[in-house]
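# Summary of structural features
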Amino acid sequence: MKNTFIAIITLLILTSCGNDKSGNLIVNGTVDGLKIGKLYLQQLQDTTLVNVDSVIVDGEAPFQMSATIDEPQLMYIYLDKKDGTIYDDRLTFFAEDTIITINTTLDKFETSAVVTGSKNQKLYNEFNEVNRQLSERYTDLFKRSMNLSQADVRDQDSIDALSTDINKHLKRKVGYALNFAMLNKDYEIAPFILLKEGYEANPVYLDSAYNMMPKKIQSSRYGKQLSEFIKERKEEL
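Because the structure is a prediction, the values reported are computed rather than measured.

Across its full length, the protein holds 7 helices and 8 strands. Residue burial in the protein is summarised as follows: out of 237 residues, 37% are buried. Partitioning the contacts of the protein with sequence separation of at least 6, the portion at a separation of at least 24 is 59%. Total accessible area computed for the protein in this model is approximately 14,100 Å², and 51% of it derives from carbon and sulfur atoms.

Most of the time, phi is negative for any residue but glycine, and the peptide bond is trans. Its identity as a non-glycine residue notwithstanding, Asp46 has a phi of 60°, on the positive side. By secondary structure assignment, the location of Asp46 is in the loop between β2 (36-45) and β3 (48-58). According to the relative accessible area criterion, Asp46 is exposed, its value standing at 76%.

Once that is clear, we can look at the packing of aromatic side chains. Within this structure, the stated rule accounts for 9 aromatic pairs. Centroid distance Phe192 to Tyr222: 5.1 Å. Interplanar angle 65°. Geometry classified as edge-to-face. Of this pair, Phe192 sits in helix α4 (residues 189-197) while Tyr222 sits in helix α7 (residues 221-236), placing them 30 residues apart in sequence. Each member of the pair Phe192 and Tyr222 is classed as buried. An aromatic cluster of three or more residues is present, and its members are Phe94, Tyr124, Phe192 and Tyr222.

Under the definition given, this model contains 5 salt bridges. One salt bridge in this structure joins Arg144 and Asp140, with 3.9 Å as the shortest N-O distance. Of this pair, Arg144 and Asp140 both sit in helix α2 (residues 119-149), separated by 4 residues, roughly a single helical turn. Its relative accessible area of 40% is what places Arg144 among the partly exposed residues. Here Lys173 makes a salt bridge to Glu197, at a shortest N to O gap of 3.6 Å. Pair noted here: Lys173 is in helix α3 (residues 156-183) and Glu197 is in helix α4, with a separation of 24 residues, a long-range link.

Further remarks concern the confidence of the model for the protein. Averaged over all residues, the pLDDT of the protein equals 86, while 87% of them reach at least 70. Taken element by element, the protein is modelled with least confidence in helix α1 (residues 2-19), mean pLDDT 40, and with most confidence in helix α6 (residues 215-218), mean pLDDT 98. In this model, residues 1-20 is a region of pLDDT below 50 whose contacts with residues beyond four sequence positions or in other chains number 0 contacts.

Attention shifts here to the sheet that holds strand β6 (residues 90-95). If you walk across this open sheet you meet the 4 strands as β3-β2-β5-β6, and the pairing is antiparallel. Whereas interior strands pair on both sides, the edge strands pair on one side only; in this sheet they are β3 and β6. Neighbouring strand axes in the sheet, compared pairwise and without regard to direction, differ in orientation by 25° on average. By the bridge criterion, 6 bridges tie strand β5 (residues 73-80) to β6 in an arrangement that is antiparallel. Residue pairing across strands places Ile77 opposite Leu91, the latter belonging to β6. Along the sheet, α7 contacts β2, β5 and β6; its crossing angle with β5, the most-contacted strand, is approximately 110°.

Taking 1.5 Å per residue as the helical rise, α7 with its 16 residues ought to reach 22 Å, and the 23 Å between its terminal C-alpha atoms agrees with that figure. If you check which residues of α7 are buried, you get Tyr222, Gly223, Leu226, Ile230 and Arg233. Burial along α7 is one-sided: seen end-on, the buried residues are contained in an arc of 100°. Exposed and oriented more than 90 degrees from the buried face of α7 are Lys224 and Glu235. Those residues of α7 that are buried lie in contact with β5, β6, α4, α5 (203-212) and α6.

With that out of the way, let us pick up the pairing of strand β1 (residues 25-32). Judged from the 5 bridges that link them, β1 and strand β4 (residues 63-67) form a sheet pairing that is antiparallel. The residue of β4 that forms the bridge with Gly29 is Phe63. With 7 bridges connecting them, β1 and strand β7 (residues 99-105) associate as parallel partners. The partner of Ile26 across the bridge, within β7, is Ile99.

The rules behind these values
- Residues numbered from 1 in each chain as written.
- Predicted model: local features only at pLDDT ≥ 70, side-chain atom pairs only at ≥ 80, totals over all residues.
- Heavy atoms only, no water.
- Helix = DSSP H or I, 4+ residues; strand = E, 2+ residues; numbered from the N terminus.
- Buried < 20%, exposed > 50% of the residue type's maximum accessible area, 1.4 Å probe, protein only.
- Contact = heavy atoms within 4.5 Å.
- Areas by Shrake-Rupley, 256 points an atom, 1.4 Å probe, with all protein chains shown as cover.
- Phe/Tyr/Trp six-rings, centres within 6.5 Å; stacked < 30°, edge-to-face > 60°.
- Salt bridge = Lys/Arg side-chain N within 4 Å of Asp/Glu carboxyl O.
- pLDDT = per-residue confidence, 0-100.
- Pairing = 2+ DSSP bridges.
- Axes fitted to C-alpha atoms, helices over the stretch in contact; angles between N-to-C directions.
- Expected span 1.5 Å × (residues − 1).
- Arc of directions from axis to C-beta.

What follows is the structure in structure tokens.
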């Protein structure tokens, strides 16, 4: 009887340890419409996406995953519906060492996601709201230019005018990224934005924005990448 009791206690301890969610990042939330599937919390390590936690969703109950991260960074949630269909949506969010809540839907897994709890994510949302409008305008101008170039009768004056508008709009997009990064230089989102959307800026401007950032941000993951990128750009000139 004593040995049986000890075996049961040992099993309970092992089970408890296996279900423990430890880490300085906690991600919880819901996927409305998902009946059964598996969610993976993913992190970019070098150039490879690695699963750092996962959870099976059965019904529409809230999910919870965790990880240990050394600094704020972009992370991902991948959905495997477990019904034989291919589901390539991957939700991205800016992770921090805190509790982050993500509520989304099955139909619009990535685009309908509402992320709360991360200051960097909040700033990223603000940036994306304006940048999306700028990108749509840029895409529209580019398509019109391509259509004119492929027309049977070329209207060179219109093509040149559109090319001028495209260049102006590109400068506006890059300028917005630079300005946003400088206004939010105290956050890891600043160098990330410059790498993602401001890379076409003159390296002198990028260097100026980088030098405005505090040492903590300069030495962050994206700060180091930005520093290396600026160095490479300068060497190309």
